[in-house]
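Structural features, examined
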Amino acid sequence: MKDGCEVKICGITNIEDALSAAREGADYLGVVVEVSYSPRSLTVEGAREIFSRTPLPAVALVYQMSPERIKYLVNSLHPHALQFLNLAPETITWCKKEFTELECWQSLHLPPAGEGLDRENVLAQIKAGCEAGADVIVLDTAAVVGGTQRYGGTGRTSDWQLVRELGVACTVPLFLAGGINPANVQAAIKVVNPEGIDLCSGVEAQPGKKSPDKIRALMQAVRETIREATSERNG
Ligand SMILES: O=C(O)c1ccccc1NCC(=O)[C@H](O)[C@H](O)COP(=O)(O)O
């Protein structure tokens, strides 16, 4: 088990939730920006208060955004990182040249646990993201929710044993996402041993609104898992 596990609380839609994530000790927050299929999506203008007031490094999640709009977003919000929801090796390479301080995170999607997976295809995507210069690979679950195919915020877990195996191909930090909540986070960390976890619906009171109590319970469980692993390692 690694020495720690970073936590990104994603799908933040308001400054109160951003401050609550910071208070409870999260490492990053994520804001979905101009992604039409997300119920948690904000416009660049609507996200301004969160990015300007949060004490945490803030990640802007985008889907097929044009280079012009990316420039506008970066110059308006000054995010710590852009997270690409579609496989975007060329955009990552361009961003790293254009904005030298900006981190680029790449989301990749797996089916829910128990559904078939094209292993070689996922490995090729991990390789493409890493070679393009991604700073972090996020392995998330894609699933049909309410009759619609969704690429994030599904509340569904993937096959974590498989994620652990696929993660070996990552030459950059791996974050696990998809269906993580206070009740299963210990198992998620123990099975996958990721550098970080990324979660959204598992700490919500209702869609789009976080529960401070759930964030606290999640963070306590993460700390407990790391503490146990450290004391086991030290005998
Ligand atoms: O949260 C959303 O609504 C969302 C929609 C479309 C793409 C990404 C989205 N969220 C991004 C995240 O990074 C979530 O933390 C990740 O998908 C895990 O979500 P969940 O299964 O709800 O924990």
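So, how was this worked out
Residues numbered from 1 in each chain as written. Predicted model: local features only at pLDDT ≥ 70, side-chain atom pairs only at ≥ 80, totals over all residues. Heavy atoms only, no water. UniProt positions renumbered as here; feature names shortened; annotations may be inferred. Helix = DSSP H or I, 4+ residues; strand = E, 2+ residues; numbered from the N terminus. Buried < 20%, exposed > 50% of the residue type's maximum accessible area, 1.4 Å probe, protein only. Right-handed = clockwise from strand over helix to strand, strands pointing away. Arc of directions from axis to C-beta. Contact = heavy atoms within 4.5 Å. Phe/Tyr/Trp six-rings, centres within 6.5 Å; stacked < 30°, edge-to-face > 60°. Salt bridge = Lys/Arg side-chain N within 4 Å of Asp/Glu carboxyl O. Near = heavy atom within 4 Å. Polar contact = N/O pair within 3.5 Å; in protein donor to acceptor, adjacent residues only side chain to side chain. Areas by Shrake-Rupley, 256 points an atom, 1.4 Å probe, with all protein chains shown as cover. 1 Å grid on protein atoms, 1.4 Å probe; cavity = no way out; pocket = protein on both sides within 12 Å on 5 of 7 lines; lining within 4 Å. Sits in = over half its atoms within 2 Å of the grid points. Nonpolar A, V, L, I, M, F, W, Y, C, P; charged D, E, K, R; others polar. Core = buried A, V, L, I, M, F, W, Y, C linked by side-chain atoms within 4.5 Å.

A few words now on the UniProt feature "domain: N-(5'phosphoribosyl) anthranilate isomerase (PRAI)" (unreviewed entry) in the chain. Here, UniProt's "domain: N-(5'phosphoribosyl) anthranilate isomerase (PRAI)" (unreviewed entry) annotation points to residues 7-220. The straight-line gap between the two end C-alpha atoms of residues 7-220 is 12 Å; of that span, 37% is helix and 24% is strand.

This brings us to the pairing of strand β8 (residues 174-177). Here is the key point about a regular strand: its side chains alternate between the two faces of the sheet. Residues L174 and L176 point to one face of β8 and F175 and A177 to the other, with burial holding for every one of them. Note on the crossover from β8 through helix α7 (residues 185-192) to strand β9 (residues 196-199): the handedness is right-handed.

All right, on to helix α2 (residues 44-53) then. Residues of α2 that are buried include every one of V44, A47, I50 and F51, and no others. Projected onto a plane normal to the axis of α2, the buried residues spread over an arc of 110° and lie on a single side. Looking at the buried side of α2, the elements it contacts are α1 (15-23), β2 (28-32), β3 (58-62) and α3 (67-77).

Moving on: the packing of aromatic side chains. Counted according to the given criterion, the structure contains 6 aromatic pairs. For the ring pair Y28 and F175, a centre distance of 6.2 Å and an interplane angle of 65° mean the geometry is edge-to-face. Separated by 147 residues along the polypeptide, Y28 in strand β2 and F175 in strand β8 bring together distant segments of the chain. As far as burial versus exposure is concerned, Y28 and F175 are alike and both buried. Ring centres of Y37 and Y151 lie 6.5 Å apart, and the angle between their planes is 70°; this geometry places the pair in the edge-to-face category. Of this pair, Y37 sits in the loop between β2 and α2 while Y151 is found in strand β7 (residues 148-151), placing the two residues 114 residues apart along the sequence. Residue Y151 is classed as partly exposed on the basis of its relative accessible area of 36%.

Here we come to the pattern of salt bridges. For the structure shown, the criterion picks out 14 salt bridges. A salt bridge links E131 to K127; its shortest N-O distance comes to 3.3 Å. Here E131 pairs with K127, and both are found in helix α5 (residues 119-132), just 4 residues apart, close to one helical turn. Judged by relative accessible area, which is 60%, E131 ranks as exposed. In this structure, the salt-bridge partner of K210 is E204, at a minimum N-O distance of 3.6 Å. On the accessibility criterion, E204 (6% relative accessible area) is buried. Because the salt bridges share partners, they merge into one network encompassing E24, D213 and R216.

Surveying the vicinity of the ligand reveals 20 residues, the closest of which are R40, D140, G153, D198 and S201. D140 is positioned with one of its side-chain polar atoms (N or O) 2.5 Å from an oxygen atom of the ligand. G153 is positioned such that a nitrogen or oxygen atom in its backbone is 2.8 Å from an oxygen atom of the ligand. Starting from 510 Å² of accessible surface for the ligand in isolation, the protein chains cover 100%. Under a 2 Å grid-point criterion requiring more than half of the atoms, the pocket assigned to the ligand is the largest cavity. Residue composition of the shell around the ligand, grouped by class: 8 nonpolar, 8 polar and 4 charged.

Time to look at the nonpolar core. Ranked by internal contacts, the top residues of the largest apolar core, which has 64 residues, are L73, L82 and I197. In terms of residue count, helix α8 (residues 212-233) provides more of this core than any other element does, 6 residues in total. Among residues more than four places away in sequence, those in contact with L82 are V59, A60, V62, I70, L73, V74, C95, L102, E103, C104 and W105. Core analysis: the next-biggest nonpolar cluster, separate from the first, contains 14 residues, C10, V35, V59 and L85 among them.

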